[in-house]
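Here is what each chain is made of, one letter per residue.
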Amino acid sequence: MGWRAAVILSASLGLAACAGSVPPPTAQLGASAQAIQQAERAGALEHAPAEFQSAREKLAAADAAMREDERTEARRLAEQAQADAELATVRSQRATAQQAASAVRTLANPNAGMPNAGMTGAARQDRAPAGSAAPLAPSGMSGTSTWDSPRTLEGTP
């Protein structure tokens, strides 16, 4: 019975030694670096600076952990760096899309941002800003005429 225990103990120690050697996370570090480059191309410096900076700092910390041969910590930090970079990319793309949509809306309806836009002449007069004088009718015209009707140079309809 003693030799079986020795074999089991030896096998257990051998497996534990193999399990303790974590492979270097070089692929994860590369993926994180690529995600950061993509975020930068997407405009993360402008649209998501906090997430972008966090990704860069975590990648630098992952590199430092690799130099210290702390592979598990390096992998964890590299994964976090990639997630932060991907978040920065998405936020940048969303901001860019919102800017483009706003530009399209402005081109489609250039008066959309102006007060009283889309109102007819009579409605605009009714909503004249406080303190502004309403236009006076040309001399020789009765007070029953509306300003929306066509006029000649002499002021007659």
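Residues numbered from 1 in each chain as written. Predicted model: local features only at pLDDT ≥ 70, side-chain atom pairs only at ≥ 80, totals over all residues. Heavy atoms only, no water.

## As for the nonpolar core
Point 1. The biggest cluster of nonpolar side chains holds 15 residues, and the ones touching the most others in it are I36, F52 and A88.
Point 2. Considering every element that reaches this core, the biggest residue donor is helix α5 (residues 71-108), with five residues.
Point 3. Those residues in contact with F52 that lie beyond four places of it in its chain are I36, A39, E40, A44, L45 and A88. (Core = buried A, V, L, I, M, F, W, Y, C linked by side-chain atoms within 4.5 Å. Buried < 20%, exposed > 50% of the residue type's maximum accessible area, 1.4 Å probe, protein only. Helix = DSSP H or I, 4+ residues; strand = E, 2+ residues; numbered from the N terminus. Contact = heavy atoms within 4.5 Å.)

## Observations regarding the confidence of the model for the protein
Point 1. Chain-level pLDDT for the protein is 78 on average; 58% of the residues reach the 70-or-more range.
Point 2. For the protein, the element scoring lowest by mean pLDDT is helix α1 (residues 2-20), at 50; helix α4 (residues 49-67) scores highest, at 98.
Point 3. Counting contacts from residues 15-19, a segment whose pLDDT is below 50, to residues more than four positions away or on other chains yields zero contacts. (pLDDT = per-residue confidence, 0-100.)

## Here's the deal with the side chain of D84
Point 1. Looking at the secondary structure, you find D84 in helix α5.
Point 2. Taking relative accessible area as the criterion, D84 reaches 16% and is therefore assigned buried.
Point 3. Beyond its immediate chain neighbours, meaning those up to four positions away, D84 contacts E51, S54, A55 and K58.

## Considerations on unusual backbone geometry
It is generally the case that most residues other than glycine have a negative phi and that most peptide bonds are trans.
Point 1. Here the phi dihedral of D69 falls at roughly 60°; this positive angle occurs in a residue that is not glycine.
Point 2. Turning to its location among the elements, D69 is positioned in the loop between α4 and α5.
Point 3. Owing to a relative accessible area of 53%, D69 belongs among the exposed residues under this scheme.

## Things to note about the pattern of salt bridges
Point 1. Inspection of the entire model under this criterion finds four salt bridges.
Point 2. Between R71 and D69 there is a salt bridge, with its nearest N and O atoms 3.1 Å apart.
Point 3. We note a salt bridge from R76 to E73, for which the minimum N-O separation is 2.4 Å. One end of the pair is R76 and the other is E73, both in helix α5 and three residues apart, which spans about a single turn.
Point 4. Its relative accessible area of 37% is what places R76 among the partly exposed residues. (Salt bridge = Lys/Arg side-chain N within 4 Å of Asp/Glu carboxyl O.)

## Let's talk about helix α2 (residues 26-41)
Point 1. Taking 1.5 Å of rise per residue, 16 residues should cover 22 Å, and α2 covers 23 Å from first to last C-alpha, within 8% of that figure.
Point 2. What α2 keeps buried is the set Q28, L29, S32, A35, I36 and A39. When α2 is viewed along its axis, its buried side chains cluster within an angular range of 120° and face the same direction. In α2, the exposed residues that point more than 90 degrees away from the buried face are T26, A27, Q34 and R41.
Point 3. Where α2 is buried, its residues meet α3 (44-47), α4 and α5.
Point 4. Looking at the residues trailing α2, positive phi occurs at G43, about 95°. (Expected span 1.5 Å × (residues − 1). Arc of directions from axis to C-beta.)

## What about α4?
Point 1. Over its 19 residues, α4 runs 27 Å from end to end, which matches the ideal 27 Å to within 8%, given 1.5 Å per residue.
Point 2. For α4, the full list of buried residues reads E51, F52, A55, L59, A62 and A65. For α4, the buried positions fall inside an angular range of 145° around the axis, keeping them on one side. Exposed residues pointing more than 90 degrees away from the buried face of α4 are listed as A50, E57 and R67.
Point 3. Each element contacted by the buried residues of α4 is listed here: α2, α3 and α5.
Point 4. Just beyond α4, the residue with positive phi is D69, at close to 60°.

## Section: the side chain of E51
Point 1. Within the fold, E51 resides in helix α4.
Point 2. E51 gets classed as buried once you look at its relative accessible area, which sits at 16%.
Point 3. Beyond its immediate sequence surroundings of up to four residues, E51 is in contact with D84, L87, A88 and R91.

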